[in-house]
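Structure at a glance
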Amino acid sequence: MILWKDYHLAHSIEDALETLWNAPGPARLIAGGTDLLLDLQQGRHPPVHTLVDVSAVPEMTSIELRREKLFIGAAVPLNRVVLSPLVQEHAEALVEAAGLIGGPQVRNTATLGGNVAHALPAGDGTIALLALGAQAEIAGGSGIYRSPLEDLYLGPGRSRLATQEELLVGFYLPIRSKNEGSAFQRIMRPQGVAIAILNLAAWIRRRGDVILDVRLAIGPAGPIPRRSNEAEHVLRGKKMSPEVREKAVGSLLAEASFRTSPHRATAEYRKYMAGVLLENVLETAWQRSAS
Amino acid sequence: MRITVNGVQRSIEVRFGEMLSDLLRERLGLTGTKIGCNEAECGSCTVLVSGEPVLACTYPAGKAVGKEVITIEGLANVESLDQSRKTARQVELHPLQRAFITHGAVQCGFCIPGQIVTAFALLQSNPDPTEDEIKYALKDTLCRCAGYPSIIRAIQSAAKAMQSDAEEISEPEIPGITHDFRVVGTQLIRPDAVEKVTGKALFTDDLKFPEMLHARVKRAGVPHAIVKSVNVEGARSLPGVVAVLTAEDILGEVNHGLVVYDWPTLVGIGERVRYVGDAIALVAAETREIATQAIELIEVDYEAQPVISHPVQSRQPDVPQLHPSGNLLKHIKVRKGDLEIGFQEADLILEHTFHTAITEHAFIEPECSIARPLPDGRMEIYVGSQIPYSDRHQVARTLNWPEERIRIVGQLMGGGFGGKEDIAGQTHAALLALATGKTVKLLFDRHESLLVHPKRHATQIQVKMGAKLDGRLTAVETELYGDTGAYASLGEKVLTRATTHSSGPYEVPHARADCYAMYTNNPPAGAFRGFGVTQSAFAIESMMDMLAEKLGMDPVELRRLNALRVGSETNTGQVLTESVGLLECMQKVEDEMNHLSGGQPFTPKRVEGAPHRVRAWGFAAGYKNTGLGGGAPDKAAAEVELFADGMLEVRTSSAELGQGLVTVLQMIVAEEFNQTPTKVRVVVMDTDLTPDGGPTTASRQTYVTGNAARLAANTLRQAAVTTLAEKFDQPPDKIRFVEGLVQVNGQVVPLGEVVGAMQAEGREPRVLYEYWAPETKPLGQGGDMHFAFSFAAQAAEVEVDTRTGEVSVLRVIAASDAGQVINPLGFQGQVEGGVVMGLGNALTENFIVEQGQVFTDRLARYRMPSIVQTPEIISILASHPTKDGPYGAKGIGELVSIPTTPAITNAIYHAVGVRIDRLPVDQEVIIQHLKGKVKQ
Ligand SMILES: Cc1cc2nc3c(=O)[nH]c(=O)nc-3n(C[C@H](O)[C@H](O)[C@H](O)COP(=O)(O)OP(=O)(O)OC[C@H]3O[C@@H](n4cnc5c(N)ncnc54)[C@H](O)[C@@H]3O)c2cc1C
Ligand code: FES
Ligand code: FES
C-alpha cells in the first residue's frame, strides 16, 4: 500500500497552504509525523496523495519574544522547546510536559503543533499550553488569526482547524512576571500504551500568600482537553492553604468526568490521582511563583 | 532528490511513500540500520539526521532531502574482517564501538547499531555524561538482552577515552571470577562483536537474493471457528502475485510441532481454527507490498465456535474440545511422602492462590525465513532458529522430502529467549519456494510476531504449605493450571518444570503437585527463559515470605532452614550429591543486603524529604535444572578440526542467540589446545556443516554442547599427540601444545604441520564427538531427574510511592551458583539481562488476550523494561562446580531471571504491606489496598 505520493517540503506558510489547497488528491499537513505516519502505517488514516511537511518553514520554527508574548512556532521540535532558555524562563510547565513526550528520538521530530492538532484529550503539550493561557495562531484562506487554545477542540481527535485548509503557525504565551509560576505533572502506568493516565498543569499568579489568578488544565477528563473553571474559581483570590487546595480538589472532581479505559486506568483511580496531581502541581507552581 | 549519507552526496530518485529506513536498507544496502518494530517504539532504526538521532522507520525519505544522514556504517571505517587476523583494536573503530565490545555490551547485537548511534549523538553534545544523562538519552532505545548496565559502562569509558584521546578502552572489572585455566574464565570478546558494532553483521532480513519473492500469510484473525470457505481468486489475479497456497497444496504432513504434531501449517476448509494467528493461506509476490495487498483480498468464511479463554474453563466438562485428544494436554503429577501426614505434623498451614500473566519474548529482531531452491533439487532455509535440526525435520515433513534434501543455514539471531524454537515461517517459505521455484523471504512484522509465536504460559497456582513452629516445612501441596494456548509447543515440558519446581529449592518431606496443562484459544505458549519455573517461583517464594511473617521469623532464616543442600532429597526424589551452592548464595546476598541497608532491610524506610515514598528490601531464592532431564536423551555432537594454516575449527548446530555460546565454544577448544582463542573458528547452526547439537534450550548449551566440544578437542589433541609421539619416537608426555606450536622434547612443530603428519598416517585431523549427558529418570520414577541444578538468591530494593502506587526497583543483589564461569562477559550479560527480564515480568510485562483476541498487537502495547527502569545490579558469584560439567560449569541463562520477580513483590510487601498475588504488579491495586478498599 502506498501511503503517500508527493512529499512536499514547504518553505513558507503560503507555499504550505497552496500545496494543501491545490493537491490533486487528499493532502495532509505533517510536522514530525510521529502521530500521522503511524496512523497511516497502521491503517487508522487512509493513504493520502500529498504530505505537506511544515518542519522547515521559517515562520513556524522560531522561538522568540514578540511584544510581551512568547512565540513558539508550531513546527519547533519538542527537544528545542525543552532546551530553549526562553521557554524555560516563561513556561516551565511546557518544558516539563514537552520533556516527557516520547523518547529523545521522537522529541527530535515531534512538534507542539502536531500535539495540539492531534487533539487527544490528554496530549501532554496541549495540557501545558492550556494552563499557560496560550493562544494559537492559525493561517488559512482568510488570512492569519488567533484563537484561544481551548476554543480549538470539538471532540477526541477532532479540532476546529479546517482540514486541508488551515494550519497552526504557532502559539503565543503570556510572558512570565516575577510572581507567576507554572508546573506540569502526569501519571503513567508501566504496562501498555505510553499515554498519560492523567495529566495536569497549573499556572499561578500570586501576591504574598494570596492566589491572585490561576489556570488549571487536565486531561483526559472529558472528550476534549479542558480547563477546570470551577476549581480555578475556588482558588482565585484565596489564601493558599491546605484547606483551599482540598476544596479545589473537590470541585475539580465534581466538574471533570473521568472514564474507565480498559487496560489503562479505572475512573476511580483517575479520580484519586487527580487529587494527588492537583496538590503536587499547585504546590510546585506556588513555589515557583515566589521567585 | 539529493541527500548526503555517511559523507557521500547522493542523488536518488524519489519513491512514493518511502521511509528513510527503506531507502537506507533496500536501496543503499546499509542494513546496519535495523527494523525491530516499524512503529517508533524500539529505537533500533536510529540514525542521525543533521546530527540528531531520529527513527528512520517513521522518517519519510523525502524529509531528508538536502540533509546529512549518518548511519552506523558511517561511524567507523571497516571493510571486511577476518577474525583470525585482526582483533577489534587493530581495526579503525569509533571509541564507542570499541567500548561496547570490550564491556560486553554486545549480546545478540540487533539493537546495538541503534544504541551506538544514539550514544554517539549524546557524546557529541555532552562529552562527559552522567549515568542519569545516559539513561535519559537512551530511554527509548530498547535492548531485550538488556545489558543496560554494560551499555552505561561502555558509554562512560568511551567518553573517557575520547576526552583523553586515549587509544585504550579500560577493561571492565567482573568481580569474583576465579580461574585455574589459561583461557576458561578470562575476559574474551565475542567473535562476532566487531561485525555487530559496525553494522556489518547480517541478520536474516538483511540477506538479498536475485529475483527473491516476498511472502505474507493470511492469518485467521478469529480465535475459534470452523473454516467454511476460502476464496483466493482476487489474490491470485492481482498483478505481481506469483503463488497463492492453501491447505490443499501441502504435499506432506499438515501438522507440525516440537513434541506433539498438533499445529496445522495451514488450516483447510472444514477444519478448525484454534487461535487468531492460525494460517489460512500463503502468498508469494514480487514485492512485500503486493503480497500484503493480496492477503487482504483473500476471503474466508468462518463458522464461529465458543471461545475457551482460560485453562480452568477449558477443564470444565461441557466445553468444546479443541483437539482430538481433548483439552487436557497433560496432567503432571509430583508425589513425595504422604501429604496427610505432612499436614498433620504442621503447626501452621497457609494457603493462597497466585496468577501470572502471559508474557512475550519481544526479541528485538522479528522472525524471518528465506527459502531458496537449489539447482540440484535441494533447498536451503536461512533462518535464525534455536533448533536447526528440528526445523529441518519439520520442513521435510511438510514438503514430504527426505531430510537430507533440506539445509538449514542458521543466521545470527536478534534474541530468542525460547521464542525461536517453534516453527514460525520456515515451512511456509519452503512451501512457497517449492511452488514457485524461486527464493522466497517471509518476514514477520512486529504485529504478526506478537500474534503468532508461542508466549510464556499464564498460570494459576494454588499453594498449601504446612510448617512447624520452628519453621521447618512439613508439606507443600500445589495445584497449577497452565494455559498452553491453541497448540502444545513445549507446553508439557515447560509445565512439568513449573510443577517439579513448585515447592521451591527446599527440602520438603511431603509434597504433592498437580498441574493441568490445558489447551485454550489463546496464542500458544511454549519455551521462555525460566521454562515454567519463573511462574512457580513467584508463587512459592511469596508463600515463604508469608509463612515467615506468620511464624515471626526472618525470611532469610526460614529459607536457610529448609534450603536444599548436599544430601537433600528433592520433591521428585532426587538426592543431591554435589554442587549445591544455595546456602552460600543466600548468605552472600544477606550479607550484602545488610551492608547496603545498614541492617533491618525488611523494615520500611521513608525517603527523606519525600515521606510518601517508602523503601524496603525483599528476598527470594530459586533453582533451575541444567539440561533437558526427565529421562530425555540429552546429547550434543561437536566436531573439531585442525587446519594446515594452524587454525582450529569447532562445529555444532547449537544456536547462538546472543547469549555467547560461540565465545564459550571458542574458549573451550582454545583451552584444550592451549592456544589463544582467536586461533579457533566457530561454525554453528548449519545442518550441512555442523553436527546436531540438540535444541538450544533449558540452559544446556554450555554444559552439553560445551562438553561435546571439549571432548572432541581433547580427542583430537590426543590423536595429534599419538601421531607426533610415533613420528618423533617420543613418549606422549613429552609433547606439549604451546602458542601456534607443538613442542616435542625440545623440537618445535608448527601446529598446522601436525595436519600433514596425521594425514600421512591415515588419520583425519578432525574428530566428531557425540556427548551424552548423564542419564536422567522420568518424573515419577524417583532418582536423578536432572544431572545438574544451578542455584540463586536475590534481594531487591524497591521504592513505592504511596500516593500513586508506583513502584521502582533501585537495587538488585544477585548471587548465582552456575558452577565454574567459563565466559565472564557472557555471564555478566546473562545476569544483567536476566534480572532486567525478571523485573519486566514483575512490573511491566503483560500480554493481554481477551476472549482469544490479542489486545497486545503492537509493541506500543507491550512494555519491556528500558534503561530508565534498570536498577543497580550487584552480581555475586557462589560457584559450586559440578563434576561432569565442562570445567565444572552449569547453566546460567534462565536461573538469574527466576528469583527477581518474587524478590521485588516481597519487597513491595515489606515497604507498604501489600501482598501482590497477581502479575504484573498493578499500581491501582496497591492504591486500593493502601486506601483500605481491599482487605488483605
Ligand atoms: C513513541 C511515541 C511516544 C509518544 N509519547 C507521547 C506522550 O508521552 N505524550 C503525548 O502527548 N504524545 C505522545 N506521542 C504522540 C506524538 O509524538 C505527539 O502528539 C507529537 O507532539 C505530535 O507531533 P508531530 O509533529 O509528530 O505531529 P504529526 O504526526 O506530524 O501531526 C499530527 C497531526 O497534526 C497535524 N498537524 C501537524 N502540524 C500541524 C500544524 N502546524 N497545523 C495544523 N495541523 C498540523 C497533522 O496533519 C496530523 O493530523 C508519542 C508518539 C510516539 C510515536
Ligand atoms: S524500528 Fe524504528 S523504532 Fe523500532
Ligand atoms: S544486544 Fe540488545 S537486543 Fe540483543
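Residues numbered from 1 in each chain as written. Chains lettered and ligands numbered in written order. Predicted model: local features only at pLDDT ≥ 70, side-chain atom pairs only at ≥ 80, totals over all residues. Heavy atoms only, no water.

Let's talk about the overall build of chain A
- When helices and strands are counted, chain A shows 11 helices and 14 strands.
- Over its C-alpha atoms chain A spans a radius of gyration of 19 Å, differing by no more than 12% from the 19 Å that the globule rule assigns to 291 residues.
- The principal-axis extents of the C-alpha atoms in chain A amount to approximately 60 × 45 × 35 Å.
- By residue count, 59% of the 291 residues in chain A fall in the buried class.
- Across chain A, the mean location of the 31 positive side-chain charges is 5 Å away from that of the 30 negative side-chain charges. (Helix = DSSP H or I, 4+ residues; strand = E, 2+ residues; numbered from the N terminus. Rg over C-alpha atoms; globule rule 2.2 N^0.38 Å. Buried < 20%, exposed > 50% of the residue type's maximum accessible area, 1.4 Å probe, protein only. Lys, Arg positive; Asp, Glu negative; His and termini not counted. Charge placed at Lys NZ, Arg CZ, Asp CG, Glu CD.)

Points about the packing of helix α21 (residues 824-843) of chain B against helix α22 (residues 900-912) of chain B
Residues and elements named next belong to chain B.
- Close contact between α21 and α22 brings their axes to 7 Å; oriented N to C, the two are set at 50°. For the element pair α21 / α22, the angle class is oblique. Considering the relative orientation of α21 and α22, their crossing is right-handed. For the pair α21 and α22, contact is made by G834, V835, G838, L839, N841, A842 and L843 and by T900, T901 and I904, respectively.
- Considered class by class, the residues forming the contact of α21 with α22 number 5 nonpolar, 5 polar and no charged. (Axes fitted to C-alpha atoms, helices over the stretch in contact; angles between N-to-C directions. Parallel < 35°, antiparallel > 145°, perpendicular 65-115°, else oblique. Left-handed = near helix turned anticlockwise from the far one by under 90°. Contact = heavy atoms within 4.5 Å. Nonpolar A, V, L, I, M, F, W, Y, C, P; charged D, E, K, R; others polar.)

Brief notes about the sheet that holds strand β19 (residues 440-443) of chain B
Residues and elements named next belong to chain B.
- Strand order in the open sheet formed by 7 strands is β8-β12-β6-β19-β16-β17-β18, and the pairing between neighbours is mixed. Bordering the open sheet on either side are β8 (241-245) and β18 (406-410), each of which pairs with just one other strand. Between one strand axis and the next, the sheet turns by 20° as a mean value, whatever way the strands run.
- As paired elements, strand β6 (residues 213-219) and β19 share 2 bridges and run parallel to each other. Paired with L213 across the bridge in β19 is V440.
- Here helix α11 (residues 388-399) sits on the sheet and contacts β17 (379-383) and β18; the angle it forms with β18, its principal contact strand, is near 145°. (Pairing = 2+ DSSP bridges.)

What about the domain arrangement of chain B?
Residue and element names in this part refer to chain B.
- For chain B, the assigned domains are domain 1 (2-174 + 195-200), domain 2 (206-305 + 366-412 + 420-452), domain 3 (458-628 + 780-935) and domain 4 (635-772).
- Taken over C-alpha atoms, the centre of domain 3 sits 39 Å from the centre of domain 4.
- Counting across the interface, domain 3 meets domain 4 through 0 salt bridges.
- Taken together, the connections running from domain 3 to domain 4 amount to 4 residue pairs in polar contact (both at pLDDT 80 or more).
- Breaking the side of domain 3 that touches domain 4 down by element, the ones donating at least two residues are β24 (610-625) and α21.
- A breakdown of the residues in the side of domain 3 that touches domain 4 according to their chemical character gives 9 nonpolar, 10 polar and 3 charged. (Domains from an automatic or database assignment. Salt bridge = Lys/Arg side-chain N within 4 Å of Asp/Glu carboxyl O. Polar contact = N/O pair within 3.5 Å; in protein donor to acceptor, adjacent residues only side chain to side chain.)

Points about the domain arrangement of chain A
Residues and elements named next belong to chain A.
- Segmentation of chain A into domains returns domain 1 (6-53), domain 2 (58-174) and domain 3 (187-288).
- Look at where the C-alpha atoms of domain 1 and domain 2 centre, and you get two points 18 Å apart.
- Between domain 1 and domain 2, the residue contacts involve 18 residues of the former and 18 residues of the latter.
- Summing both partners gives a buried area of about 1300 Å² for domain 1 against domain 2, and 65% of it is carried by carbon and sulfur.
- The largest per-residue losses of area from domain 1 upon contact with domain 2 belong to I13, W21 and D35, which jointly make up 36% of the total buried on that side.
- Where domain 1 touches domain 2, the interface holds 3 residue pairs in polar contact (both at pLDDT 80 or more).
- If you list the elements that add at least two residues to the side of domain 1 that touches domain 2, you get α1 (13-22) and β2 (27-30).
- Among the elements that take part in the side of domain 1 that touches domain 2, α1 stands out by supplying 6 residues, more than any other.
- Residue composition of the side of domain 1 that touches domain 2, by class: 9 nonpolar, 5 polar and 4 charged. (Buried area = accessible area lost by both parts, 1.4 Å probe.)

What about the nonpolar core?
- Among the nonpolar cores identified, the biggest contains 195 residues, and B:F100 and B:I908 are the most heavily contacted of them.
- Each residue touching B:I908, except ones within four places of it in the same chain, is listed here: B:V798, B:V800, B:V807, B:G913, B:V914, B:I916, B:V921 and B:I926.
- A:I13, A:A27, A:M60 and A:L161 belong to the second-largest nonpolar core, a separate cluster that totals 80 residues. (Core = buried A, V, L, I, M, F, W, Y, C linked by side-chain atoms within 4.5 Å.)

A closer look at empty space enclosed by the protein
Residue and element names in this part refer to chain B.
- Applying the stated criterion across every chain yields a total of 11 cavities of 30 Å³ or more.
- Computed from the structure, the largest cavity encloses a volume of approximately 620 Å³.
- In terms of lining, the largest cavity is formed by 40 residues, of which the most central are Q659, S699, Q830, I892 and G893.
- Listing elements by their share of the lining of the largest cavity, those giving two or more residues are α18 (661-673), α19 (701-728) and α21. (1 Å grid on protein atoms, 1.4 Å probe; cavity = no way out; pocket = protein on both sides within 12 Å on 5 of 7 lines; lining within 4 Å. Points joined across faces, edges and corners; volume = space filled by probe spheres on them.)

Regarding the sheet that holds strand β25 (residues 635-642) of chain B
Residues and elements named next belong to chain B.
- Within the open sheet, the 4 strands sit side by side as β27-β26-β25-β31. Their pairing is mixed. The open sheet has two edge strands, β27 (680-684) and β31 (766-772), and neither has a second partner. Along the sheet, successive strands turn relative to each other by an average axial angle of 20°, direction set aside.
- Relative to β27, strand β26 (residues 648-652) is paired through 5 bridges, and the arrangement is parallel. When the sheet's bridge partners are listed, E649 is paired in β27 with R681.
- Set on the sheet, α18 makes contact with β25, β26 and β27; between it and β27 the angle comes to about 140°.
- Contacting β25, β26 and β31, α19 runs over the sheet at an angle of about 35° to β25.

So, the interface of chain A and chain B
- Residue-level contacts link 44 residues of chain A with 51 residues of chain B.
- Interface area, chain A with chain B, both sides summed: about 3900 Å², of which 54% is carbon and sulfur.
- Seen at the junction of chain A and chain B, the total is 3 salt bridges.
- Across the pair B:E924 and A:R189 runs a salt bridge whose closest N-O atoms are separated by 3.8 Å.
- Applying the counting criterion to the chain A and chain B interface returns 24 residue pairs in polar contact (both at pLDDT 80 or more).
- The dominant element in the side of chain A that touches chain B, judged by the number of residues it contributes, is helix α11 (residues 267-288) of chain A, at 7 residues.

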